[in-house]
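Structural overview
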Amino acid sequence: MTAPGVEDLLRGLTPQVLGVLVRRHGQFEGCEDAVQEAVLAAAVQWPAEGVPDNPRGWLVTVASRRLIDQIRSDHARRERESATAFETGPEEVPGTDDTLVLLFLCCHPTLTPASATALTLRAVGGLTTAEIARAFLVPEATMAARISRAKQRIKAAGSSFSLPAGPEREERLGIVLHVLYLIFNEGYTASSGGELDRVDLAREAIRLTRLVHAQLPADGEVAGLLALMLLTHARREARSTAAGDLVPLDEQDRARWDRALIDEGTGLAKASLAGPALGPYQLQAAIAATHADAATAAATDWRQVHALYLILERIAPNPMVTLNRAIALAETEGPRAGLALLSTLDGDERMAGHHRLLSVRAHLLEQAGDPAGAYELYRRAAKSTASLAEQRYLESRASRVRPG
């Protein structure tokens, strides 16, 4: 198997192996270090010597022996056991996949969303601390400290390695889905830096959400989140020009959308809506499916989009939902109606100076025939985002409506 193939295999096996060790030995941090050492050994050995018949068992064997070495702190024994780890066959490992349990552990309620996101990418996603630091544009030492504090919080909370039950499970699942949603959003539209997106993060979020869906296939919100990711990711190739400039939804070449992802996402979205409950991810997936169903931007069923946003606003009030509903309302009742709805967000501290509110208001002012007002808001929006791709786009919109 080639090195890229080995890398993909190891990324999928890492959380499974870590789950086995944490279940057996506890000591999340020590187990994670041992698994990373085993993965590194496999990354060096497997491309040259071939993947063993039972790669998961091989990794569990090597990681377990490395963990024993750490606990015993016996150099002579460490050398002897490390040498035999590659000579003995893999030990018996349970056939169950503990990835979901590991996700629940990494998304512990005592952690902040930022800490849970970093720990999930490290322990479940298999990304290195350096990769995670680059994704969020912080120094590696800062990210390492954040991940270390997250592990210490989990240890201090005395969490057991098992799926919570009843209401606690539902609460924790909500946190897991939120963390995966955050990872995907950062991958789809990077919050800062020169690139519009981080495709590696978006793909990782999809991969992890597929794992959760495989474990909980009947959960409507899990299916809804996966559908939302697939339908959104399907537009990635059409979202930017060859130069990296942003292309808005209504100007995208829909022939470049990934139809396979759209078909899969649409099927999941429809299936998720058939359940007894209705959650925010299911509704967002239904909105994305409505956009995907339109052959052209002009053919979009904006009344249906607006109706779905109305329901979403009722069950999960959020200023971003109101902002998006204003866009849909403007498409059905005109820009002035959209602007009136946007004015209800002016007192919301979460939206004060947010580039999305500024840019949408600028767009609606442009449509309403106020180029001077649109120009000023496009310029303010460009200064309010840390994304260079969004800055260039907003500056180009400002130049287009600049008075005189």
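A few words now on the overall build of the protein chain. Within the protein chain, the regular secondary structure consists of 19 helices and two strands. In terms of overall dimensions, the protein chain is globule-like: its C-alpha atoms have a radius of gyration of 24 Å, near the 22 Å expected for 404 residues. Counting only C-alpha atoms, the protein chain reaches 80 × 45 × 40 Å along its principal axes. Counting across all 404 residues of the protein chain, residues that qualify as buried make up 49%. Intrachain contacts of the protein chain at a sequence separation of at least 6 include 64% that bridge at least 24 residues. For the protein chain, the exposed surface amounts to about 18,600 Å²; the carbon and sulfur share of it is 52%. Within the protein chain, one finds 44 positive and 50 negative side-chain charges whose respective centroids are separated by 3 Å.

Turning our attention to the packing of aromatic side chains. Enumeration over the complete set of coordinates arrives at three aromatic pairs. Ring geometry for tryptophan 46 versus tryptophan 58: centroids 5.3 Å apart, planes at 70 degrees, classification edge-to-face. Of this pair, tryptophan 46 sits in helix α2 (residues 28-49) while tryptophan 58 sits in helix α3 (residues 55-72); the two residues are twelve residues apart in sequence, bridging distant segments of the chain. In this structure, arginine 235 is placed above the aromatic ring of tryptophan 257, and the distance from its NZ or CZ to the ring centre is 6.0 Å.

Below, the discussion takes up the side chain of arginine 56. With respect to the helices and strands, the residue arginine 56 is situated in helix α3. In this structure arginine 56 comes out as buried when scored by relative accessible area, which is 12%. There is a polar contact of 3.2 Å between the side chain of arginine 56 and the side chain of glutamine 16.

Our next topic: the nonpolar core. Grouped together as the largest cluster of nonpolar side chains are 82 residues, with contacts concentrated most on Leu18, Leu21, Phe28, Leu59, Leu119, Leu180 and Val212. Among all residues touching leucine 119, those that are not within four sequence positions of it are Phe28, Cys106, Leu111, Val124, Ile147, Ala150, Lys151 and Ile154. Leu323, Leu329, Leu342 and Ala382 belong to the second largest nonpolar core, which has 29 residues in total.

Within the element layout of this structure, glutamate 251 appears in the loop between α11 (220-233) and α12 (259-273). A C-alpha to C-alpha distance of 19 Å links glutamate 251 and threonine 332, two positions 81 residues apart in sequence. Setting aside residues up to four positions removed in sequence, glutamate 251 forms contacts with Arg397 and Arg400.

The rules behind the values
- Along every chain, residues carry numbers that run from 1 in the direction the sequence is written.
- Predicted model: local features are reported for residues with pLDDT of at least 70 only, side-chain atom pairs are reported and counted for 80 or more only, and whole-chain, interface and lining totals are derived from all residues.
- Side-chain calculation: all heavy atoms of the structure are included, whereas hydrogens and water are not.
- Runs of E in the DSSP output that reach at least two residues are strands. Runs of H or I that reach at least four are helices, and both are numbered from the N terminus.
- Between the two quantities, the radius of gyration covers C-alpha atoms and the globule rule is 2.2 Å times the number of residues to the power 0.38.
- Each residue's exposure class comes from its accessible area (1.4 Å probe, protein chains only) as a fraction of the maximum for that residue type: buried when under 20%, exposed when over 50%, partly exposed otherwise.
- By definition, residues are in contact when any of their heavy atoms lie within 4.5 Å.
- For accessible areas, the Shrake-Rupley method is used with a probe of radius 1.4 Å. Any residue's cover is judged against the shown protein chains and nothing else.
- Counted charges follow a simple rule, with Lys and Arg positive, Asp and Glu negative, and His plus the chain ends left uncounted.
- Just so you know, the charge point we use is NZ for Lys, CZ for Arg, CG for Asp and CD for Glu.
- Working definition: a ring pair exists when centres of Phe, Tyr or Trp rings (six-membered ring for Trp) sit within 6.5 Å. Plane angles under 30 degrees give stacked, over 60 give edge-to-face, the rest tilted.
- The rule is short: NZ of Lys or CZ of Arg within 6 Å of the ring centre and within 35 degrees of the ring normal puts a charge over the ring.
- Nitrogen and oxygen atoms within 3.5 Å of one another constitute a polar contact, given that in protein one can donate a hydrogen and the other can accept it, and given that sequence-neighbouring residues count only through two side-chain atoms.
- Nonpolar core, defined: a set of buried Ala, Val, Leu, Ile, Met, Phe, Trp, Tyr and Cys residues in which side-chain atoms within 4.5 Å join the residues together.

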